[in-house]
Amino acid sequence: MITVVIGTQWGDEGKGKIIDTLATQHDIVARYQGGANAGHTVVYNNQKFIFHLVPSGILHKHVVGILGNGIVIDPASFFQELTDMEKQGIDFSKRLFIAQNAHITLTYHKILDQIEDAKRGSGKLGTTGRGIGTTYTDKYGRIGIRVSDFINESVFINKLKTALELKNYLFQEYYKKSIISVENLADEYSKYREKFKEMAIDTSYYLNQAIDKGKRILAEGAQGTFLDIDFGTYPFVTASNPISGGACTGLGIGPKKITKVIGVAKAYTTRVGMGPFPTEINDEINQTLRTAGNEFGATTGRPRRCGWFDAIIVRYATVLNGIDELIITKLDVLSGLKTIKIGVKYIYNDQSVDIYPLDTEIFENVDVEYEEMQGWDTNINNISTYKDLPTAAKKYIDRIEELVGTKITAVSVGSAREQIIAR
Ligand code: IMP
């Protein structure tokens, strides 16, 4: 049994918390794409945990965590995270595994990511600078380095020589930066090798065996549907497939093994980095939402752009991902607003556009038609039964469900585990 959890907007929908909650009913939590660009925050016992590469379900002692082959693993960042987890008292020994065929992110990927994005000037993507796109570029360019290569020192050094040949030429001749020495880099990363040896397995085989034994698996998507390399707002996207289909290739499991897809949507919309965002709010409510929702990137600390709920994109996401049920997060952040808007239709060249346009040129230039809903004044953080929510809040959820066309099964009203209300 495999449940996939995915973000239906531009990431930061609060998936970490949902996965943490769902993990109680699962045996394995597996990440299938992205890398240390992700930031999942979980608050437990008043302690805050931020995960970048490690699946957020690891906080539960019975859960096995998997970093699948679709992930790109930065050894330095991974080790920092393991060290932080140890300091916070999480024992992950023998229950955290990484795919032998996942690719690794090295120093030069991070440097290149940052200088390439800066070089784009006004067309910059606003990447997280974590070397994600550049690692995937090497993967598809067939000069990437996989975990199994990294574990074998001589193979690693040979592959490093090949990869660095062109990179160093670029650094020196084009970017006018200093070159990277193979020996220094190999030396710098050698301290991570033993840990990788301990954790590296064929995760696809492991997962398929677990499925046969009846284990329950949660596949954790990072980022969100509209940052997907194929279906997102290209080129303002990440370099992997966060959509549910990515779980098959990123974990090595057959599509028929996926039993459920859960979508997570924030009660409003946010986006970090550049790119079109039709329902972005350009008045002081942007700041109100940012402050109330603490909308700052978990990875880079950048302020997130805030906007109204966009029913057109979330409806598209439910179809694209085959979503069975939707969970709405951060409903509490909207408390206190007099009116709340929902984007229900786009207008382009005086024509109505009912579905999300894949053409970024169109998406960038649409106007949005809104519906206005009445807000609510009461603080809803401590409400634990759905029927106790203010009538206006329930109407807002009903309307979203109607517009998006998928059952909403829960809403979250705060960052703690208990603040999820079943509907
Ligand atoms: P990259 O993934 O670092 O290449 O960045 C590409 C785009 O995806 C940028 O707009 C980033 O801000 C965005 N992005 C990457 N990871 C996340 C995430 O976890 N949450 C939200 N946005 C993200």
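Predicted, not measured: the structure shown is a model, and the values here were computed from it.

Asks: Even after reading the chapter, I still don't get the pairing of strand β19 (residues 408-412), so can you show me in this structure?
Replies: Side chains on a regular strand alternate between the two faces of the sheet. Extensive coverage of β19 is indicated by the burial of 4 of its 5 residues. As paired strands, strand β15 (residues 325-329) and β19 are joined by 3 bridges and run parallel to one another. Residue pairing for β19: Ile-327 is matched across the bridge by Ala-410. Both β19 and strand β20 (residues 420-422) contribute to a ladder of 3 bridges, which runs antiparallel. Along β20, the bridge assignment pairs Ala-410 with Ala-422.

Asks: What should I look at first to understand the UniProt feature "active site" (unreviewed entry) in the protein in this one?
Replies: On the UniProt side, "active site" (unreviewed entry) is annotated at positions that read Asp-12 and His-40 here. Taking the farthest pair of C-alpha atoms as the criterion, the annotated set spanning 29 residues converges on one region, since that pair is 7.8 Å apart. Looking at the element boundaries, Asp-12 is found in the loop between β1 (2-7) and α1 (15-22). By relative accessible area, Asp-12 is classed as partly exposed at 23%. Once residues within four sequence positions are removed from consideration, Asp-12 is found in contact with Lys-266, Thr-270, Val-272 and Arg-304. Looking at the secondary structure, you find His-40 in strand β3 (residues 40-44). Not counting the four nearest positions on each side in its chain, His-40 is found in contact with Lys-15, Gly-16, Phe-49, Ile-50, Phe-51, Ser-56, Glu-220, Gly-221 and Ala-222.

Asks: For this particular structure, what's the right way to read the site of the ligand?
Replies: In the neighbourhood of the ligand, 16 residues make up the surrounding shell, with Asp-12, Asn-37, Thr-128, Thr-238 and Arg-302 lying closest. With respect to the ligand, the side chain of Asn-37 contributes an N or O atom lying 2.8 Å from an oxygen atom. Between an oxygen atom of the ligand and a side-chain N or O atom of Thr-128, the distance comes to 2.6 Å. When the ligand sits alone it has 470 Å² of accessible area, and the protein chains cover 96% of it. Here the residues of the shell around the ligand sort into 6 nonpolar, 8 polar and 2 charged. Counting residues domain by domain, the shell around the ligand receives three or more from each of domain 1 (1-100 + 202-423) and domain 2 (103-193).

Asks: What is the right way to read the nonpolar core from this model?
Replies: Soluble globular proteins: nonpolar side chains tend toward being buried together. Of all hydrophobic cores here, the largest spans 51 residues; its most connected members are Leu-331 and Tyr-396. At the level of secondary structure, the elements contributing two or more residues to this core comprise α11 (284-292), α12 (311-321), β15, β16 (339-348), β18 (367-374), α14 (391-404) and β19. Here the element with the most residues in this core is α14; it accounts for 7 residues. Aside from chain neighbours lying at most four places away, what touches Tyr-396 is Ala-267, Phe-309, Leu-331, Leu-334, Ile-340, Ile-342, Met-373 and Trp-376. Counting residues in hydrophobic clusters, the runner-up holds 45 residues, among them Leu-106, Leu-164, Val-182 and Phe-196.

Asks: Would you explain the sheet that holds strand β10 (residues 217-220) in this entry?
Replies: Backbone-to-backbone hydrogen bonds join strands into a sheet, with any given pair of strands oriented parallel or antiparallel. Strand order in the open sheet made by the 10 strands is β9-β7-β5-β2-β10-β1-β11-β15-β19-β20, with mixed pairing throughout. At either margin of the open sheet sits one strand with a lone partner, and together these are β9 (200-201) and β20. Where α1 meets the sheet, it contacts β1, β2 (28-31), β10, β11 (258-266), β15, β19 and β20, and its direction lies at approximately 160° from that of β1.

Asks: Looking at this structure, how should I read the packing of aromatic side chains?
Replies: Both the distance between ring centres and the angle between the ring planes are used here to describe each pair of aromatic rings. By the definition in use, this model includes 18 aromatic pairs. With a centroid separation of 5.0 Å and an interplanar angle of 80°, the aromatic rings of Phe-150 and Phe-156 are classed as edge-to-face. On the basis of relative accessibility, which here comes to 0%, the residue Phe-156 falls in the buried class. For the ring pair Phe-226 and Tyr-316, a centre distance of 6.4 Å and an interplane angle of 50° mean the geometry is tilted. With Phe-226 in the loop between β10 and α10 (246-251) and Tyr-316 in helix α12, this pair connects stretches of sequence that are 90 residues apart. Overall, Tyr-316 belongs to the buried group, its relative accessible area being 19%. Feature note: the residues Trp-10, Phe-226, Phe-277, Tyr-316, Tyr-346, Tyr-356 and Phe-363 constitute an aromatic cluster, connected by ring pairs. The ring of Tyr-174 carries the charged tip of Lys-119 above its face, separated from the ring centre by 4.8 Å.

What counts and how
- Throughout this document, residue positions are counted from 1 along each chain, in the order its sequence is written.
- Where totals are concerned, whole chains, interfaces and linings use all residues; where local detail is concerned, this predicted model gives features only for residues with pLDDT of at least 70, and gives and counts side-chain atom pairs only at 80 or more.
- Excluded from the side-chain calculation are hydrogens and water; included are all heavy atoms of the structure.
- A simple rule labels every residue: compare its accessible area, found with a 1.4 Å probe on the protein chains alone, to the largest value its type can have, and call it buried under 20%, exposed over 50%, or partly exposed in between.
- Here a strand is any run of E in DSSP of at least two residues, a helix any run of H or I of at least four, and the numbering for each starts at the N terminus.
- For two strands to pair, DSSP has to find at least two bridges joining them.
- UniProt positions are given in the numbering used here, feature names are shortened, and annotations may be inferred rather than shown by experiment.
- Note on contacts: a residue pair qualifies if any of its non-hydrogen atoms lie within 4.5 Å across the two residues.
- Definition of nearness: a residue and a molecule or strand are near each other if at least one heavy atom of the residue lies within 4 Å of the molecule or strand.
- In protein, a polar contact means a hydrogen-donor-capable atom and an acceptor-capable atom, both N or O and within 3.5 Å, with residues adjacent in sequence counting only if both atoms are side-chain atoms; elsewhere, any N or O pair within 3.5 Å suffices.
- Accessibility throughout is a Shrake-Rupley quantity obtained with a 1.4 Å probe, and a residue counts as covered only by protein chains that appear here.
- Gly is put with the polar residues, along with every residue not named as nonpolar or charged; the nonpolar set is Ala, Val, Leu, Ile, Met, Phe, Trp, Tyr, Cys and Pro, and the charged set is Asp, Glu, Lys and Arg.
- Reported domain spans reflect what an automatic or database domain assignment gives.
- Here, the term nonpolar core denotes a set of buried Ala, Val, Leu, Ile, Met, Phe, Trp, Tyr and Cys residues that are joined through side-chain atoms within 4.5 Å.
- Axis definition: a line fit to C-alpha positions, over the contact stretch in the case of helices; interaxial angles, taken between N-to-C directions, run 0 to 180 degrees.
- In this scheme Phe, Tyr and Trp rings, the latter by its six-membered ring, pair at centre separations within 6.5 Å, and the angle between planes marks the pair as stacked below 30 degrees, edge-to-face above 60, and tilted otherwise.
- Any Lys NZ or Arg CZ that is within 6 Å of a ring centre and within 35 degrees of that ring's normal is treated as a charge sitting over the ring.

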